[in-house]
Every structure is written in C-alpha cells, then in structure tokens.
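Reading the structure
What follows is the residue order along each chain.
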Amino acid sequence: MRKLLVIPGDGIGPEVVEAAMYVIKAFGSELEIKVAEAGDVALNKYGTAMPPETLRLADLADVIFKGPIGESAFDVTSLIRSRYVLYANIRPVKNLPSVPAVRSIDCVFVRENVEDVYIGAEYRVGDVAIALKIATEKGTRRVARVARKYAEERKRKVTIVHKANVLRVVDGFFRDVAMEELKGLEVDQMYVDAAAMELVRNPTRFDVVLTPNQYGDILTDLAAQVAGGLGLAPSGNIGDDKAMFEPVHGAAFDIAGKGIANPIAAILSAAMMFEWMGMKNAAESIRRAVERAIEAGVKTPDIGGHHNTREVGKYIASLIS
Ligand code: ATP
C-alpha cells in the first residue's frame, strides 16, 4: 500500500485540500494516508515551518499531496523539492469545457525544479546583493528527458524557453544540453519575454514547453490565466522514485476563510497523483467528474458559479464514488 502524506498548508490550502480529500478518499483503499502541518501555520505554532515530525513523515512517504504555503514557501516547498530531488515540475495547461478562457490552449510545461536561482545561494556583500543561478549538465539532461517523454506521448514537439541572449553562459548551456537530449524531436527555442507574449497572442503554437526553474514559475501563472484562471491549474513535482502534487496557485490570503476558493486545481493535482501511481482509470474518472461538475454549474465564483469550496469538492467526489 502506498504511503501518502497530506500537508494542508496556508491560506486557502486547508480549504482546497479538504475538498480534494473527498475525491482522494474515493480511492482511499489504495493508500495509507497521514496528515501533517507545515508552512506559516507551523512556523507560528512551533517556531519552524517544517517541523521534525512532518519531515519524518515526508521521508517515509511515497508521495506527498500539498496545499499552497504562504511566506515560508521556500522553507517547505523548495525544501521538499530539493530534499527528494523532485527535479521536474509538470504543469499541464488546458481549457476546460464551459470555462471562459482568454484563448484556446493545450500544452504541458516541464519546468526544471531544483536548480536555477532557487538553490537559495544569495549573498549580501556590503551594498551589493548577489544571487547565483545554476544549471548543471546532469540537472538539465534529466529534466529534458522528462520533456522528451511527454513530447513522445503528444505531438513530438518541444519549445525550449530561455534568455541566452543575456545569460549567454548559464541559459546558453541549458539550451544546448537540452537540445542534445531532445534530438529527433521537433525542437524550437524562444526567449522568455517572447514566450510570455506568444502565450497570450498564439498559445496553440506550444505543445511541450521546457523551461529553467524561474521562467517556468512565472510563465505557468500566465498560462493558467490564459486557460481560465489559477483556480484550475494542477501540478506535479516528479523525481525518480518520489513525487509531490500541489495546485499551481499560492495561499491567496485575500480569499482565505471565505469558502470561495476553487478546489479544482487541487483536485486535478490529485488526478495527476493517481496517474503517477499508475492508477490511470482513477485519474480519468476524476477529470471527467470535474468536467461534469462544471457543466452542471456546480462551481465557485471565480469561474462564474455560486457554490462554495466544500460543496464543489463533495459534488465532484459524489460523481466518482
Ligand atoms: P504565490 O506567490 O505563493 O504564488 P500569489 O499571492 O502570487 O501567491 P496566488 O495566491 O496564487 O498568488 O493567487 C493570486 C490570486 O488569484 C489570489 O489573490 C486569488 O484572488 C486568485 N486565486 C488563486 N488561487 C485561487 C483559487 N484556488 N480559487 C480562486 N481564486 C484563486
């Protein structure tokens, strides 16, 4: 039986995770589920954002399902990604039927997840502040191989996003190594600023998009909005033998506690989790249930509904159980 650790997180985290748990528990017999605190909530309570007990449970878990973390995201989300070497962040972006969108879009971002400026190497030397940006050959090859895998299941097309006209060494290296790893596929490259523009102007030109860590962080919020909003965008952080799934959105403190957060991003992240565990039917049945709920008008205000987070979660779960 797989060990699942659930971390509700901060802000709207506990609300969307509770809603997603109705769905996850519909397939609960396959999982041994534990729940633990981390994030700002834990920091205020125990003086540390990642308490030792949570870390112990995370070490033991096969898979982690996590809500968003507030101010202490670096100490929780980045820590989990680097401690378990979850080197590929998979963010599919696709319109959902009946959800108003900026444009048609159907692509998968494969974001490098443990290198770049997120290694936490920042220094202050007098009146100068420095941050290091890292790309290793090993790190670039392994994430490029993940992009290849997705491309082979889709249209065999990858766009590498970088800024090698300015960061000639580090982004140039990322691009060149990725190019090598993607040989045999249709590969193009784009500067990150142009990619931001194209994602709004002509998003259907993208299929699999491979990015260094920070550009992927920024572009995937943009792409999520193009598809209909952050409340719908799921993600998975994948390593060789462990993974963590979480909605793309943050803690959204402005709407926390109001019961209006959209749980679909979290629920679709659960679908990705089941797919990663080899439970393809569970994943498909969750995705179908999400679409049926939206079509039935059971949705939160951000996508034009009047239902609350819990009602949406329970309704979606009722369609699959
Ligand atoms: P972070 O920096 O952690 O990514 P952020 O403050 O930049 O967080 P989010 O918290 O992700 O951004 O969300 C930005 C806004 O989008 C929120 O203030 C909220 O209004 C809206 N939003 C985000 N997630 C949801 C959701 N699940 N349901 C409804 N609205 C959401």
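Residues numbered from 1 in each chain as written. Predicted model: local features only at pLDDT ≥ 70, side-chain atom pairs only at ≥ 80, totals over all residues. Heavy atoms only, no water.

The immediate surroundings of the ligand are formed by I12, L230, G231, H249, G250, A251, A252, D254, I255, A261, N262 and D302. Here D254 contributes a side-chain N or O atom positioned 2.7 Å from an oxygen atom of the ligand. Relative to its unbound accessible area of 620 Å², the ligand is 59% covered by the protein chains. Each residue belonging to the shell around the ligand can be placed in one class, and the counts come to six nonpolar, four polar and two charged. (Near = heavy atom within 4 Å. Polar contact = N/O pair within 3.5 Å; in protein donor to acceptor, adjacent residues only side chain to side chain. Areas by Shrake-Rupley, 256 points an atom, 1.4 Å probe, with all protein chains shown as cover. Nonpolar A, V, L, I, M, F, W, Y, C, P; charged D, E, K, R; others polar.)

So, on to the packing of aromatic side chains. Across all of its chains, the model carries two aromatic pairs by this definition. Taken together, a centroid distance of 6.1 Å and an interplanar angle of 55° make the contact between F245 and W276 tilted. Residue F245 is located in strand β12 (residues 243-247), and its partner W276 is located in helix α9 (residues 264-276); the two are separated by 31 residues in the primary sequence. Residue classification places F245 among the buried positions, given a relative accessible area of 1%. The cationic tip of R111 hangs over the ring face of Y118; the distance from NZ or CZ to the ring centre is 5.6 Å. Just above the ring of Y150 sits the side chain of K149; from NZ or CZ to the centre is 4.4 Å. (Phe/Tyr/Trp six-rings, centres within 6.5 Å; stacked < 30°, edge-to-face > 60°. Helix = DSSP H or I, 4+ residues; strand = E, 2+ residues; numbered from the N terminus. Buried < 20%, exposed > 50% of the residue type's maximum accessible area, 1.4 Å probe, protein only. Lys NZ or Arg CZ within 6 Å of the ring centre and 35° of its normal.)

Taken as a whole, helix α4 (residues 73-83) has its buried residues at V76, T77, S78, I80 and R81. In an axial view of α4, the angular spread of the buried residues amounts to 165°, which keeps them on one side of the axis. On its buried side, α4 packs onto β1 (2-7), β3 (63-66), β4 (88-94), β5 (106-112), β11 (234-238) and β12. Where α4 ends, the next residue or the one after it, V85, has phi of about 50°, a positive value. (Arc of directions from axis to C-beta. Contact = heavy atoms within 4.5 Å.)

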